[in-house]
Amino acid sequence: MSILINKQTKVIVQGITGNQGSFHTNLMKAYGTQIVAGVTPGKQGQLVEDIPVYNTIEEALKEHEADYSIIFVPAKFTKAAAIEALNNNLNIVIITEGVPIHDTIEIMKLAKEKDLIVIGPNCPGMITPEESKLGIMPGHIFKKGEVGMISRSGTLTYEIINELTRNNIGQSSVIGIGGDQIIGFNFIDALKHLENDDDTKKIVMIGEIGGNLEEKAAEFIKDNVTKPVVAYIAGKTAPKGKTMGHAGAIISGKSGTAESKTAALEKANVKVANLPSEIVKLLNQ
Amino acid sequence: MKLKEYQGKELFKNKGISIPENFLVRDSKDFNQDNLSHIKTDEVIVKAQVLSGKRKKSGLIVCVLKKDTKETAKFIFNKGVDEILIEEELDIQKEVYLSITIDRFSKSYCLLFSEEGGIDIEELSEKQPEKVIKIPFYEIDEELLSKLNEKINNQFVREQVNDIIKKLFSLMKEIDGELVEINPLILTKDNKLIAADAKVIIDDNSLFRHEEYISMKQQNLTDTEKKASEHGLNYVDLDGDIGIIGNGAGLVMSTLDVINHFGGSAANFLDVGGGASVEKMEKSLELILSKNIKGIFINIFGGITRCDEIAQGIVNHVKNNQIKVPIVIRMIGTNEDKAKEILEQNNISFIDSMEEGVKKIVEQITKT
């Protein structure tokens, strides 16, 4: 069935009238995503393509049903947008980069209280190939298939998907969980869903330096995942103490190294690729 | 963004967290009767205000007799240090560790405390985890404090630390701190808790709402890193000789790894970000060419980023400057056909495989 989203998923776009919002709304709609409405305060009554814009989510929900909101709002206003969506019981995808950590923590606290899903922030979104796209990834490189992918990266994900598709390995669900220090839906959440998804036969994890989510995922995999998992970790050659682009990609002291993640994953019987191109080989083994 | 010790201590003081009596000097001339006389102890601690760790080991923190303060400061200034903090010596009974940071796995804040302070908390967590109290939290409430208090043995520490924790967290929220650490938090012989050091890191993502800190952001960056930051480019200086430009942090990190795998060495990390413009591309090239490099590898996977924009930026730059080192360009994605056209019209070729591209550039620089 794929996970989280499909042809039936109804989506609201927050920040729809902005540059990024309008650009990607068009692309998502063209891909087949059911975008029911957009929200930009002050722009009620406008249309983006033929999608109605409302001042608030509450207004939008008076006329439409929705499952998810995707947020293209600048970092300064992201917390307000996210909280508004969560208070209206929507799951959210936060594309925005640069959200202050304290804001993110507040968002996560509310999401936990309401048992709602937050994807991101600072992520490319997620896609169920040939069904629905909630994000900014180039749809044409994906192909429907049996590999579920979870990644902290944006373009590195596209790089790897491209290889998979070219080698006739399709994807069931691909989720970009984001590059920040604190993210919502993480590797373990995705693994739980993918393990239970009939359409997913194999799983690929794309991690990077910083934090301990890969290590925690490895622990989870040992006892809870039976499907084969292949991983790739970026940042083997990154220096200590420097933030490498993503706010969450930093080796602090001894923790968060590519070595530690690789070792933990290998202990859990995950095959870890040395190069992006090796992933296809490992999936085919 | 890291704050210096004296800046952190200033924030503590304003919050009502006790710090040692001290004053800051930027020049030997800054010493006068007045500021030294405020320090009542016979010995003083002379502390270089630099952001590197392990200052004591590098002789950047020394304890000297009051009469030798100026001499010692001169000696440290000569090491290239700009600011020195002169502090009274504390009568130490006990050193504890206290910090509040963020917990990535719990998606919350985290309180860290140990009755064994003044040490490397990471090492202690590894070797004697029972000595480190770690409590993830969203709010500082009575439940949290009781949880902590029942594990603290020293009565005086227990009685005073709660107040410090409340103030520390309040400060952390005000300044958008990623970390506020007091190591060591000293219990003096007359049972007072005093913050002997201050390590404060501010969330870079919050600087837009902290005008007062924006100017400080430039510190601890190399010259090239500073320039990059001015142009909104994510850049890190590295030791190698192949200049790298890519789009997307993960992709660029991976590029560095692949370069290393095939025997090359990257001169830098540079992420042009999503939807990069012609101008950003030109600035990126300018930046990496300002270093002594033997070759350039450009790796673009165009999602939102339009390959033709990138190509135009490259062509503009090549037209205006003479690039003498080999360039290998790998581009794939949105508008790649237009990009190919633009580059070929200007006699620049590209490859569509990342690994082939890396092998090619490593080969080319080995030839020269």
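Residues numbered from 1 in each chain as written. Chains lettered and ligands numbered in written order. Predicted model: local features only at pLDDT ≥ 70, side-chain atom pairs only at ≥ 80, totals over all residues.

**A word on the overall build of chain B**
Step number 1: Each helix and strand counted, chain B has 13 helices and 16 strands in total.
Step number 2: The C-alpha atoms of chain B give a radius of gyration of 26 Å, which is well past the 21 Å a tight globule of 368 residues would have.
Step number 3: Taking the principal axes of its C-alpha atoms as reference, chain B extends roughly 80 × 50 × 40 Å.
Step number 4: Taking all contacts inside chain B whose residues are at least 6 apart in sequence as the whole, residues at least 24 apart take part in 69%. (Helix = DSSP H or I, 4+ residues; strand = E, 2+ residues; numbered from the N terminus. Rg over C-alpha atoms; globule rule 2.2 N^0.38 Å. Contact = placed C-beta atoms within 7 Å.)

**Topic: the overall build of chain A**
Step number 1: The helix and strand tally for chain A stands at nine helices and 14 strands.
Step number 2: Expected size for 285 residues packed as a compact globule is a radius of gyration near 19 Å; at 18 Å, chain A falls within 12% of this value.
Step number 3: Counting only residues that meet the buried cut, chain A has 58% of its 285 residues in that class. (Buried ≥ 20, exposed ≤ 12 C-beta atoms within 10 Å, placed from the backbone.)

**Focus: the sheet that holds strand β1 (residues 22–25) of chain B**
All names here are of chain B.
Step number 1: One open sheet holds the four strands; their spatial order is β1-β4-β2-β3, and the pairing between them is antiparallel. Strands with a single pairing partner mark the edges of an open sheet, and in this sheet they are β1 and β3 (61–65). For this sheet, the mean inter-axis angle between neighbouring strands, taken without regard to orientation, is 25°.
Step number 2: Both strand β2 (residues 43–48) and β3 contribute to a ladder of five bridges, which runs antiparallel. Within β3, the position partnered with I45 by the bridge is C63.
Step number 3: Those strands touched by helix α3 (residues 69–77) are β1, β2, β3 and β4 (84–88), and its axis lies near 15° from that of β2. (Pairing = 2+ DSSP bridges. Axes fitted to C-alpha atoms, helices over the stretch in contact; angles between N-to-C directions.)

**Thoughts on the nonpolar core**
Step number 1: Ranked by size, the top nonpolar core spans 175 residues in total, and within it I71(A), I92(A) and V93(A) carry the most contacts.
Step number 2: One finds I39(B), V46(B), V50(B) and I76(B) within the second-largest nonpolar core, a separate group that totals twelve residues. (Core = buried A, V, L, I, M, F, W, Y, C linked by C-beta atoms within 7 Å.)

**Comments concerning the interface of chain B and chain A**
Step number 1: In this assembly, 40 residues from chain B lie in contact with 46 residues from chain A.
Step number 2: Elements with a contribution of two residues or more to the side of chain B that touches chain A: β6 (108–114), β11 (234–237), α9 (249–261), β13 (268–271) and α13 (354–367) of chain B.
Step number 3: Counting residues per element, the side of chain B that touches chain A draws most heavily on α9(B), at eleven residues.
Step number 4: Looking at side-chain class alone, the side of chain B that touches chain A contains 17 nonpolar, 13 polar and ten charged residues. (Nonpolar A, V, L, I, M, F, W, Y, C, P; charged D, E, K, R; others polar.)

**Considering the domain arrangement of chain B**
Interfaces are often sized by the amount of accessible area the parts lose when they come together.
Step number 1: Domain parsing of chain B yields domain 1 (21–88), domain 2 (92–212) and domain 3 (221–367).
Step number 2: For domain 2 of chain B versus domain 3 of chain B, the separation of C-alpha centres amounts to 43 Å. (Domains from an automatic or database assignment.)

**Details of the domain arrangement of chain A**
Residue and element names in this part refer to chain A.
Step number 1: Taken domain by domain, chain A consists of domain 1 (10–119) and domain 2 (137–284).
Step number 2: A C-alpha centroid distance of 26 Å is found between domain 1 and domain 2.
Step number 3: Across the boundary between the two partners, domain 1 contributes nine residues, which contact eight residues of domain 2.
Step number 4: Contributions of two or more residues to the side of domain 1 that touches domain 2 are made by α4 (101–114) and β7 (118–119).

**Details of the pairing of strand β10 (residues 199–202) of chain B**
Residues and elements named next belong to chain B.
Step number 1: The side-chain alternation of β10 yields one buried face, formed by V200 and I202, and one unburied face, formed by K199 and I201.
Step number 2: The pairing of strand β8 (residues 177–188) with β10 spans four bridges and is antiparallel. Across the sheet, V180 pairs through a bridge with V200, a residue of β10.

**What to know about the sheet that holds strand β10 (residues 144–151) of chain A**
Note: strands within a sheet are paired through backbone hydrogen bonds, in either parallel or antiparallel orientation.
Residue and element names in this part refer to chain A.
Step number 1: The seven strands are arranged β9-β8-β11-β10-β12-β13-β14 in an open sheet whose pairing can be described as mixed. Unpaired on one side and paired on the other, β9 (132–135) and β14 (271–273) mark the two borders of the sheet. For this sheet the average axis-to-axis angle between neighbouring strands, irrespective of direction, equals 20°.
Step number 2: By the bridge criterion, four bridges tie strand β8 (residues 125–128) to β9 in an arrangement that is antiparallel. Bridge assignment links I127 to a residue of β9, and that residue is K133.
Step number 3: Running at roughly 175° to strand β13 (residues 229–234), helix α8 (residues 258–267) makes contact with β12 (202–208), β13 and β14 of the sheet.

**Description of the packing of helix α6 (residues 187–196) of chain A against helix α7 (residues 213–224) of chain A**
Two packed helices can be described by the angle between their axes and the distance between those axes.
Residue and element names in this part refer to chain A.
Step number 1: Where α6 meets α7, the closest approach of the two axes is 9 Å, and the angle between their N-to-C directions is 30°. By the angle between their axes, α6 is roughly parallel relative to α7. Once α6 is placed against α7, the crossing between them reads as right-handed. Between α6, through F187, I188, L191 and E195, and α7, the contact on the second element is made entirely by L213, E214, K216, A217, F220, I221 and N224.
Step number 2: Among the residues making up the contact of α6 with α7, the classes are represented as seven nonpolar, one polar and three charged. (Parallel < 35°, antiparallel > 145°, perpendicular 65-115°, else oblique. Left-handed = near helix turned anticlockwise from the far one by under 90°.)

**What about the confidence of the model for chain B?**
Step number 1: Scored by pLDDT, chain B has a mean of 91; 99% of the residues are at 70 or more.
Step number 2: On the interface metric, ipTM, the complex scores 0.94, and its pTM is 0.94. (pLDDT = per-residue confidence, 0-100.)

**With respect to the environment of I16(A)**
Residues and elements named next belong to chain A.
Step number 1: Looking at the element boundaries, I16 is found in the loop between β1 (10–14) and α1 (19–31).
Step number 2: Under the C-beta neighbour-count criterion, I16 is labelled buried, with 28 such atoms within 10 Å.
Step number 3: Measuring from C-alpha to C-alpha, the distance between I16 and P52 comes to 9.8 Å, with 36 residues separating the pair along the chain.
Step number 4: With near-sequence residues (within four places) excluded, I16 lies in contact with G21, S22, T25, G38, V39, T40, V48, I51 and V53.

**Examining α8(A)**
Helical periodicity: at 3.6 residues per turn, an α-helix aligns residues three or four positions apart in one direction.
Residues and elements named next belong to chain A.
Step number 1: Taken as a whole, α8 has its buried residues at A258, K261, T262, A264 and L265. Viewed along the axis of α8, the buried residues span an arc of 165°, placing them on a single side of the element.
Step number 2: Structurally, α8 contributes buried residues whose contacts are with β12, α7, β13 and β14.
Step number 3: Taken from the residues just after α8, N269 is the one with a positive phi, measuring 65°. (Arc of directions from axis to C-beta.)

**Regarding helix α12 (residues 336–345) of chain B**
Residues and elements named next belong to chain B.
Step number 1: For α12, the set of buried residues is E336, A339, I342 and L343. Angularly, the buried residues of α12 cover 120° about the axis, an arc narrow enough to put them on a single face. Every exposed residue of α12 that faces more than 90 degrees away from the buried side is listed here: D337, E344 and Q345.
Step number 2: Directly beyond the C-terminal end of α12, a positive phi value near 60° is found at N347.

**So, unusual backbone geometry**
Step number 1: Following G120(A), the chain continues to P121(A) via a peptide bond in cis, the omega torsion being 5°.
Step number 2: For the bond from N183(B) to P184(B), the omega torsion is 10°, close enough to zero to count as cis.
Step number 3: Of note, N168(A) is a non-glycine position whose phi angle comes to about 65°, a positive value.
Step number 4: With respect to the helices and strands, N168(A) occurs in the loop between α5 (155–166) and β11 (171–176).
Step number 5: Take N168(A): there are 9 C-beta atoms within 10 Å of it, and that puts it in the exposed class.
Step number 6: Unlike most non-glycine residues, N269(A) shows phi in positive territory, near 65°.
Step number 7: Mapped onto the elements, N269(A) comes out in the loop between α8 and β14.

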